[in-house]
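# Structural overview
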Amino acid sequence: MTAYDLCFAIVGLLSAASGLLAVTTKHLTHAALWLVVCLGSLAGCYLVLGAELVALVQVLVYVGAVVVLVLFAMMVTRAPIGRSTEHDTSLTQRAAAVVVAASTAVLVGAVLVSLFSGPARRIDVAGTHALATELFGTWVWPFELLSLLLLIAVVTALALTRLRSEAPEDDR
Amino acid sequence: MIHAWLPAVLVAVLFGLGLYGVLARRNAVLVLIGVELMIAAAGLLLVTSGAVHPDPRRAGLTLTLFLITIAAAEIAVALGVVIAVFRARGDVDMSLATGETRVVDATDPNIPVMSQRDGA
């Protein structure tokens, strides 16, 4: 049990617990706020693993942008405030979902743990300079393609908001 | 020095939680939260692989940055679709069939009354 193990266990437990609350809470808005805690502590996990830039991007993009978008979508779709059982499926379907999710987690966990087992390993910390050299060297074409993807996403989101239903009684 | 099975266990737990969220939620926005958890699990796996294995090209970190970007684009488009569905149907309940709408009990304060539709 090294110090890194202890740090990772603490932030990892926080992340798993808040993730559990995010998918089980009855409050719609609380789900988005627990998602903030989950992804924020996941950024802490990235820090323990020596990926500072990824941790900062995670905080900026996920916690800063994605969760705000989710909260906006909840407001626009008139999400109920307070406890509501309307968001969950029936008990039988939830039980089946628990079984499927648990078995998938056990399967993935068994494969990954057998892959990553063994003694404690040294963390290969990549400095930001080395990462930038690779990002704008080896990976520059995928990087440029991503800018195209973001452009397409922006255009698509705009086109979706302009979408009108064919029905004559459009109540907007 | 870190035991690499710890992040691997967290990857499995987060993926399972996300899958449960996708399967057990009816509200489309909450389903998207489950999808986000699954994508986060994939990112943690990439970072872990890059940290504990020899990675001269920094593929783990770079692909995680790409993954975060793709997830942001995905959620923007998905929420646009959710809002378009809300405009067309009046709710975002994924358990209802096409064209079917939820019966709104006007006396229940927890359920906001949707816009007047179809002469209802």
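Fair warning: this is a prediction, and the values are worked out from it, not measured in the lab.

What follows covers the overall build of chain A. The number of helices and strands found in chain A is six helices and zero strands. On the principal axes, the C-alpha backbone points of chain A span a range of 65 × 45 × 25 Å. Out of the 172 residues belonging to chain A, those deemed buried represent 35%. Summing over all exposed atoms, chain A offers an accessible surface of approximately 9600 Å²; the carbon and sulfur share of this is 75%. Taken as two groups, the 9 positive and 11 negative side-chain charges of chain A have centres that lie 7 Å from each other.

All right, on to helix 1 (residues 3–24) of chain A then. Here helix 1 of chain A is 22 residues long and its end C-alpha atoms lie 32 Å apart, about the 32 Å a rise of 1.5 Å per residue gives. Buried within helix 1 of chain A we find D5, F8, V11, G12, S15, A16, S18, G19, A22 and V23 of chain A. Of the surrounding secondary structure, the elements contacted by the buried residues of helix 1 of chain A are helix 2 (28–48) of chain A together with helix 1 (5–24) and helix 2 (28–52) of chain B.

Taken as a whole and judged by the stated rule, the model has seven salt bridges over all chains. Taking the shortest distance from any N to any O, the salt bridge between D88 of chain A and K26 of chain A comes out at 2.7 Å. Remark: K26 of chain A occurs in the loop between helix 1 and helix 2 and D88 of chain A occurs in the loop between helix 3 (52–76) and helix 4 (91–115); sequence separation between them is 62 residues. Taken as a pair, D88 of chain A and K26 of chain A share a single burial class, namely buried. The partner of R89 of chain B in a salt bridge is D91 of chain B, with the nearest N and O atoms 3.2 Å apart. Here the two residues R89 of chain B and D91 of chain B agree in accessibility, since each one is buried.

Looking now at the UniProt feature "transmembrane region" (unreviewed entry) in chain B. All names here are of chain B. The positions UniProt marks with the feature "transmembrane region" (unreviewed entry) are residues 6–23, 30–52 and 64–86. A distance of 26 Å separates the end C-alpha atoms of residues 6–23, which is 100% helix and 0% strand. Helix makes up 100% of residues 64–86 and strand 0%, and the two end C-alpha atoms of the span are 32 Å apart.

Once that is clear, we can look at the nonpolar core. Grouped together as the largest cluster of nonpolar side chains are 72 residues, with contacts concentrated most on L42 and M74 of chain A. Going through the elements one at a time, helix 1, helix 2, helix 3, helix 4 and helix 5 (128–135) of chain A together with helix 1, helix 2 and helix 3 (59–89) of chain B are the ones with two or more residues in this core. Of all the elements, helix 2 of chain B adds the most residues to this core, at 14 residues. Excluding residues that lie within four positions of it along the chain, M74 of chain A makes contacts with L28, T29, A32 and A79 of chain A together with V29, L30 and I33 of chain B.

Basis of the calculations
Every chain begins its residue count from 1, and numbering advances along the sequence as written. Written order determines the labels here, with chains lettered from A and ligands numbered from 1. Given that this is a predicted model, residues contribute local features only at a pLDDT of at least 70 and side-chain atom pairs are listed and counted only at 80 or more, while totals for whole chains, interfaces and linings are drawn from all residues. Side-chain numbers here rest on the full set of heavy atoms in the structure, without hydrogens or water. A run of H or I in DSSP becomes a helix once it reaches four residues, and a run of E becomes a strand once it reaches two; helices and strands are each numbered from the N terminus. Burial status follows relative accessibility: with a 1.4 Å probe on protein chains alone, a residue under 20% of its type maximum counts as buried, one over 50% as exposed, and anything between as partly exposed. Accessible surface area values rest on a Shrake-Rupley calculation with a 1.4 Å probe, where residue burial reflects the displayed protein chains alone. Counted as positive: Lys and Arg. Counted as negative: Asp and Glu, with His and the chain ends omitted from the count. All charge positions are set by atom: Lys at NZ, Arg at CZ, Asp at CG, Glu at CD. In this analysis, the expected span of each helix is defined as 1.5 Å times one less than the number of residues it contains. A contact between two residues is defined here by any heavy atoms of the two lying within 4.5 Å. The term salt bridge refers to a side-chain nitrogen of Lys or Arg lying within 4 Å of a carboxyl oxygen of Asp or Glu. UniProt positions are given in the numbering used here, feature names are shortened, and annotations may be inferred rather than shown by experiment. Take the buried residues of types Ala, Val, Leu, Ile, Met, Phe, Trp, Tyr and Cys, join any two whose side-chain atoms come within 4.5 Å, and each joined set is a nonpolar core.

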